[in-house]
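Breakdown of the fold
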Amino acid sequence: MRAEASDDAKIFQAFGSIYFGETVPVEDIPQEEQATLRRAWVPVGTVSPLIERLRSGGLAVIGGAPRMGKRSAAIRALIEYSDERTSAKAKPLKLKQVTPDWERETPQVSRLPTEANHGYLLDVSAEISKWSNPLETASALVARAARLREEGSCLILISNQSGWPHGTGTVTAPYVTALERPDPREIATAHLETVHNRPARVAWLRLAHDGVPPGLCAHLITEDTAPADAAYLATLLAGVTDDQDGIKAAIDAFQQWDAHLTKVFGGEDDRSVDDRALLIAAALLGDAPALRIQSVARDLVGMPAASDNSNNYVRRVLAAEELKARFEGIGATLKGQNASLTGKPGLGNATIERVWTQRPDLRQPLLEWITRITAPKAEAEEHLQHIGRMLVRLAAAHTDVRLLRLVQKWVEAEGSATDRRPLVATILNEAAQDPTLGPVVRDELLNWAQSSSLNLATTVALVCQMTFAEHYPRQALVRLQWILRRPQDDEAVTAAEEAVRRMAARPSPLVKDVWPAVTRWAVKDGMLSGRRAFLAMVDPRPSYSHLKELLAVADDKPEVRGMLLDAWRATLADEMVDGEARAVLTAWAYGIATGTLPESTTLELLHQIVQHHLTASPVSALLYDTNVLEPEPHPGGLAHVRRLLWQRVHTTGPSPTRAEC
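Just so you know, these numbers come straight off a predicted model, no measurement behind them. (Residues numbered from 1 in each chain as written. Predicted model: local features only at pLDDT ≥ 70, side-chain atom pairs only at ≥ 80, totals over all residues. Heavy atoms only, no water.)

1. Considering the pairing of strand β2 (residues 59-63)
β2 sits mainly inside the fold: 5 of its 5 residues count as buried. Of the two faces of β2, the one lined by Leu59, Val61 and Gly63 and the one lined by Ala60 and Ile62 are each fully buried. In the sheet, β2 pairs with strand β5 (residues 154-158) via 4 bridges, with the strands oriented parallel. Bridged to Ala60 within β5 is Ile156. As judged from the 3 bridges shared by β2 and strand β6 (residues 175-177), these two strands associate in the parallel manner. Residue pairing across strands places Val61 opposite Tyr175, the latter belonging to β6. (Buried < 20%, exposed > 50% of the residue type's maximum accessible area, 1.4 Å probe, protein only. Helix = DSSP H or I, 4+ residues; strand = E, 2+ residues; numbered from the N terminus. Pairing = 2+ DSSP bridges.)

If you want it as structure tokens, here you go:
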């Protein structure tokens, strides 16, 4: 069954899967979220059917339209099912959320966890429409759930509106459609009362009744208000001051500054065009010099530069209000030479969203404008971080990959005064983990990793050095694998090797997560990428901690020791990595000499490596080359380690013909 296989033919047809059958990442469902759903839950009819499915088959699938509160319903079902078990003297469930760390076309269901007495939550709503064989994957999930049920565990899967296949009864049985949205006014009320401890402010949300006028914020909630928005409104109302200004601030933030934006963008007054452009520029650049915002705004509307002495330019400038009044009119705050919208939280995002949504004919001109002003040495270049995050938020709201392609242009642009790649990597690291946009970004990272472009590949390697690799370690390894196949040992390869080192050094279980994948990868024939990854992982520079952990495991587990030796043998047989292998072997020997690495285990491993590869260039250099440089001078140093190795080789095999001490 394809969904159960460990190889992804579409991704790895060039060299096979690097996976070793380990489970996907799992983390606790936040206790704060669980506590909120216990205290402020508004009953909805979806929960009971979900619990019934868990009882009967260990699997429940909740589908339906967005903004129906599916995640909350799923977690509440797990909570109630766990309580039900506890009442029956069974163990309560440990509630966990699963990260779908696989390529979205071919989910690897066999890698889902099966720990006893666990309630798992898996959200595939953003990727299920891309499954290459939905029926096979769904069948595999049903089978996996049966195994979970044997362990006293269960799984709730969150789907979209139409992705779950309706084939056989076995596949259809777990499915529940979320048709009922919890009452948003009740949600906001419950949150104010029990989560934020602001019961007096519930009156702000009450509808008119018995001659009592409605609360000042009652109009904000309608039947279509999403549960998450109702909870957000309660948070806003709980945090403002108890006066008209505070309430107005909450209303503006919740309505995404609708009244203010209608005032700026409403009507067809030509004189307001410049102010509209000014607001768009201020929203995009963030806190920036006022004159720079004005200049960028003029670029958007095609206004001539100040060097143009035509009457049109002078008349247009004189017809406009003074700059301070214009900025105040669009809601910006002037502080010294800078202007920003920070005094009105959310106004910047709301402005860009409003223009993108309400004026679709402007989308292409906006993209071209942003490309111009963010070009190397252009006026907005130093505001790339703010602009990038703005673009990612917009892309997430509309799943529009064109906005990500703008970021790609930033990386590929030549002539920038600064290295843009770390900044872009930071932006993409966050975007790759977004629940909605994440699958699209991860696909783009794969495309970039496969690209011949040095800048694109380096950027992906930098992303894999960040938290993306913690939450999606297998996908990070896939992308690093492609980069490490590059024919030249270039900057991208160096960054990818550093990413592997960082992954190996993280506190997650080394042998379970990174080590098996890299060693399996290293022993494949012709796998330059595997050799590079292996050397990066066992390179003790600059820190010996992760290698000491690995050696300790190898000392305790013969199978790990065997894998380590197999990977070394394959690596030493590959002349393309002679230089790197020589440096790593030298670092091992230096670790023994300085006492940084455990002498007994490390020396025994080095002996077995040397014994089988006396003629390999890196081994010869370690044994005979007196010109090999030590990281730092040390009494005895490498000469001492050479003597120890020669003694072992002499007693177990051919002696070296030269002995230089």
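2. Focus on the packing of helix α24 (residues 491-505) against helix α27 (residues 528-538)
Remark: α24 packs on α27, axes separated minimally by 8 Å, with the N-to-C direction vectors making an angle of 50°. When the interaxial angle is binned, α24 and α27 end up oblique. Considering only the axes of α24 and α27, their crossing is right-handed. Touching Val493, Glu497, Val500, Arg501 and Ala504 of α24 are Arg532, Ala533, Ala536 and Met537, all from α27. (Axes fitted to C-alpha atoms, helices over the stretch in contact; angles between N-to-C directions. Parallel < 35°, antiparallel > 145°, perpendicular 65-115°, else oblique. Left-handed = near helix turned anticlockwise from the far one by under 90°. Contact = heavy atoms within 4.5 Å.)

3. Some thoughts on the sheet that holds strand β4 (residues 118-123)
Spatially, β1-β3-β4-β5-β2-β6 is the arrangement adopted by the 6 strands of the open sheet, whose pairing is mixed. A single partner strand is all that each edge strand has here, and the edge strands are β1 (26-28) and β6. Between one strand axis and the next, the sheet turns by 25° as a mean value, whatever way the strands run. Contacting β2, β5 and β6, helix α3 (residues 47-57) crosses the sheet at an angle of about 150° to β2. Lying over the sheet, helix α4 (residues 70-87) contacts β2, β3 (94-98), β4 and β5, oriented at roughly 170° with respect to β5.

4. Looking at a negative patch on the surface
Residues Asp183, Glu186, Glu223 and Asp224 make up a contiguous surface patch of negative charge. Examined against the element boundaries, Glu186 turns out to sit in helix α7 (residues 184-195). (Patch = residues over 30% accessible without salt bridge, like charges linked within 9 Å, V, L, I, M, F, W, Y side chains within 5 Å. Areas by Shrake-Rupley, 256 points an atom, 1.4 Å probe, with all protein chains shown as cover. Salt bridge = Lys/Arg side-chain N within 4 Å of Asp/Glu carboxyl O. Lys, Arg positive; Asp, Glu negative; His and termini not counted. Charge placed at Lys NZ, Arg CZ, Asp CG, Glu CD.)

5. Overview of the packing of helix α21 (residues 454-463) against helix α23 (residues 473-483)
Where α21 contacts α23, the axes come no closer than 10 Å and their chain directions differ by 145°. Remark: the crossing between α21 and α23 carries left-handed chirality. Across the interface between the two elements, Ala457, Val460 and Ala461 from α21 touch Arg479, Leu480 and Ile483 from α23. For the contact of α21 with α23, the per-class residue count stands at 5 nonpolar, no polar and 1 charged. (Nonpolar A, V, L, I, M, F, W, Y, C, P; charged D, E, K, R; others polar.)

6. Observations concerning unusual backbone geometry
One non-glycine residue with positive phi stands out, namely Lys89, at about 70°. Residue placement: Lys89 occurs in the loop between α4 and β3. Lys89 gets classed as exposed once you look at its relative accessible area, which sits at 79%. Positioned with a positive phi, Asp210 is a non-glycine residue whose angle comes to about 50°. Position of Asp210 relative to the elements: it lies in the loop between α7 and α8 (227-239).

Distances and angles like these do not, on their own, reveal function.
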